[in-house]
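Chain by chain, the residues run as shown.
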Amino acid sequence: MENIIKYRHNHIEVTSPESFAAVRGGMHGGVRDVCFVRMLGRSADFDRQVLALDEKLKSQMRAGRLYYRRAGSLPALSASGDIAYYTACYDRWAASPQGGIQTKVSSGALAVQLGAACTSALERYQQQKAAVTASIRKNFAVKLLYWFDFLCSGLSQWSETSCIKIVAENVEKEQEYLFYYFLTLAGCDVLLLQSAGDPVKERLKSLSREVRIGEFGDRGQENIVVKIPQRNRKKHTVPSTQQAQPAGQYAVAASPQPQRSEKSFEELAALASSIVLILVHDADGAVISTGSGIMASNAGYILTNDHVARGGYSYSVRIENDGQVYHTDELIKYNTLLDLALLRINRRLDPIPIYQGQKKLVRGQAVAAIGSPLGLFNSISDGIISGFRTIDGVDMIQFTAPISHGSSGGAVLNMYGEVIGISTAGFDRGQNINLAIGYESINLFLQGFR
């Protein structure tokens, strides 16, 4: 039987995303140092630091110096084949624990370590829950194994000195928090970026080190000035409104603002070149779903729905009139509540401007929707805004332009060719009852990425 490694948590101090990227735990007398850090709030340069962390760790992974995974939402264990497979893994371990837990990823020494990690995680779980039955324990363990293989599927080899870095954002559920603790018992350094809040219960906080870097909230402390690219203008022109300078302040000369003009549906359809088709792949490279996305920045950022990106191991992006398929595993940012996610590909893009709220949206206003329903690349439909809804605390636009499965993540445009929403849901039992996340949430989510 392989020796079980003991882990000492947070012996090395971590105070920022950059210092987490730099830390390397040592091995002394059969004891390995690992990090498990909850970083609370947002610093003034939070987005820059997270991007720098991501780029550094990806570069080191490509050089073969470590294994890194930026975790999005953990997938639900729902497929009958997966349930049967990981239940069998658990049952074999329960019947013969000496060999550890063998999964698609773990074998040998890692399997033994995984068994010890599972034992410790289940003990913690039992302590936090009243009247936990054997069936509940087993279900939780099966979920741990499924999530482990999901995040570590690219881990080709493991040893007691392997450097494994996992970064997750805004973990809310107790089981997911315990899963990340479980990872540290298998030798992973784990950083939880809790920028929106810290829902971890008091009795579990001691498992990780708490580092406060700023106040909670989706918005950074810096004011981001968004420059909207000027496009071809025709028809009715609407001059910009100039703001009076407050008394006692010097007036600053401003560049002339681009004038906005309404477009025909033919002109709106031409903007489809800035809407992409996204193919979502599992760990084996198979396509598990498709969706749409919006070019959000010329630096390669693509906005889509969180539920489109969720559960993907990697993504392929197709762009109209471009024969190349762009592959990426860069899930830069996501927000489950707003159902928004940001991917990045290695290509310069031509983004569509996001509406800045020059005038309040109203019912009856004409809109166009562009997406790839059922994989039909960049289809356009027209309709009107039919209402405004608040669902689970999120403001949404209800519109009539027809969409179907695969349209999620596509653009809802006003007649000026500006994105006023991103398609997120439709009701199969209702005719043309569709919902979009509004421009206010989009602008907030994209701060620092344009």
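Described below are features of the structure shown in this document. (Residues numbered from 1 in each chain as written. Predicted model: local features only at pLDDT ≥ 70, side-chain atom pairs only at ≥ 80, totals over all residues. Heavy atoms only, no water.)

## What about the overall build of the chain?
For the chain, the helix and strand inventory stands at nine helices and 23 strands. By the burial criterion, 51% of the 450 residues in the chain qualify as buried. In the chain, of all internal contacts separated by at least 6 residues, the share reaching a separation of at least 24 is 69%. Summed over its atoms, the accessible surface of the chain is roughly 21200 Å², and 49% of this surface lies on carbon and sulfur atoms. (Helix = DSSP H or I, 4+ residues; strand = E, 2+ residues; numbered from the N terminus. Buried < 20%, exposed > 50% of the residue type's maximum accessible area, 1.4 Å probe, protein only. Contact = heavy atoms within 4.5 Å. Areas by Shrake-Rupley, 256 points an atom, 1.4 Å probe, with all protein chains shown as cover.)

## What to know about the sheet that holds strand E7 (residues 188-194)
Ordered by their spatial adjacency, five strands build an open sheet running E5-E6-E7-E4-E8, and the pairing between neighbours is parallel. What marks the edges here is a single partner per strand, and that holds for strand E5 (67-71) and strand E8 (209-212). When strand polarity is set aside, the average angle formed by the axes of neighbouring strands in this sheet is 15 degrees. Bridge analysis of strand E6 (residues 164-169) against E7 gives six bridges, and the strand direction is parallel. From the neighbouring strand, Ala-168 faces E7, where its bridge partner is Leu-192. On the sheet, helix H2 (residues 46-62) packs against E5, E6 and E7 and is oriented at approximately 145 degrees with respect to E5. Against the sheet, helix H5 (residues 134-152) engages E5 and E6, with an angle of about 115 degrees to E5. (Pairing = 2+ DSSP bridges. Axes fitted to C-alpha atoms, helices over the stretch in contact; angles between N-to-C directions.)

## Observations regarding the nonpolar core
The biggest cluster of nonpolar side chains holds 53 residues, and the ones touching the most others in it are Phe-148, Leu-151, Phe-179, Tyr-180, Phe-182 and Leu-183. Secondary structure elements with two or more residues in this core: E5, helix H3 (80-95), helix H4 (108-128), H5, E6, helix H6 (174-184) and E7. Considering each element in turn, this core owes the most residues, 11 residues, to H5. Excluding anything up to four places from it in sequence, Leu-183 contacts Phe-148, Leu-151, Ile-166, Cys-188 and Val-190. With 42 residues, the next largest nonpolar core counts Tyr-301, Leu-342, Val-367 and Ile-420 among its residues. (Core = buried A, V, L, I, M, F, W, Y, C linked by side-chain atoms within 4.5 Å.)

## Let's talk about the pairing of E5
Counting buried residues in E5 gives five out of five residues, a clear majority hidden from the surface. The alternating pattern of E5 places Tyr-67, Arg-69 and Ala-71 and Tyr-68 and Arg-70 on opposite faces, both of which are buried. Summarising the sheet, E5 and E6 pair through five bridges and their orientation is parallel. By the bridge assignment, Ala-71 is partnered in E6 with Ala-168.

## Examining the packing of H5 against H6
Two elements in contact, H5 and H6, have axes separated by 10 Å at closest approach and are oriented at 60 degrees. What the angle tells us is that H5 and H6 run oblique. When the axes of H5 and H6 are compared, the crossing they make is right-handed. In this structure, H5 contributes Phe-140, Lys-143, Leu-144, Trp-147, Phe-148 and Leu-151 to the contact, and H6 contributes Gln-175, Glu-176, Leu-178, Phe-179, Tyr-180, Phe-182 and Leu-183. (Parallel < 35°, antiparallel > 145°, perpendicular 65-115°, else oblique. Left-handed = near helix turned anticlockwise from the far one by under 90°.)

## Some remarks on the state of the cysteines
Tallied over the entire structure, the rule returns zero disulfides. Left without a disulfide partner, Cys-152 is nearest to the cysteine sulfur of Cys-188, which lies 4.9 Å away. (Disulfide = S-S within 2.5 Å.)

## Some details on the environment of Thr-304
By the secondary structure assignment, Thr-304 is in strand E13 (residues 301-304). Classification of Thr-304 by relative accessible area gives buried; the value is 1%. Counting along the chain gives 12 residues from Thr-304 to Ser-292, while the straight-line C-alpha distance between them is 6.5 Å. For Thr-304, the contacting residues outside a window of four places in its chain are Ile-278, Ser-292, Gly-293, Asp-339, Leu-340, Ala-341, Ser-408, Gly-409 and Ile-422. A polar side-chain atom of Thr-304 sits 2.7 Å from the main-chain carbonyl oxygen of Ser-292. (Polar contact = N/O pair within 3.5 Å; in protein donor to acceptor, adjacent residues only side chain to side chain.)

## Digging into the sheet that holds strand E1 (residues 6-9)
Read from one edge to the other, the open sheet built from three strands follows the order E1-E3-E2, with strand pairing classed as mixed. Here the strands that pair on one side only, and so sit at the sheet edges, are E1 and strand E2 (27-28). Bridge count between E2 and strand E3 (residues 31-34): two bridges; the pairing is antiparallel. Bridging across to E3, Met-27 finds its partner in Arg-32.

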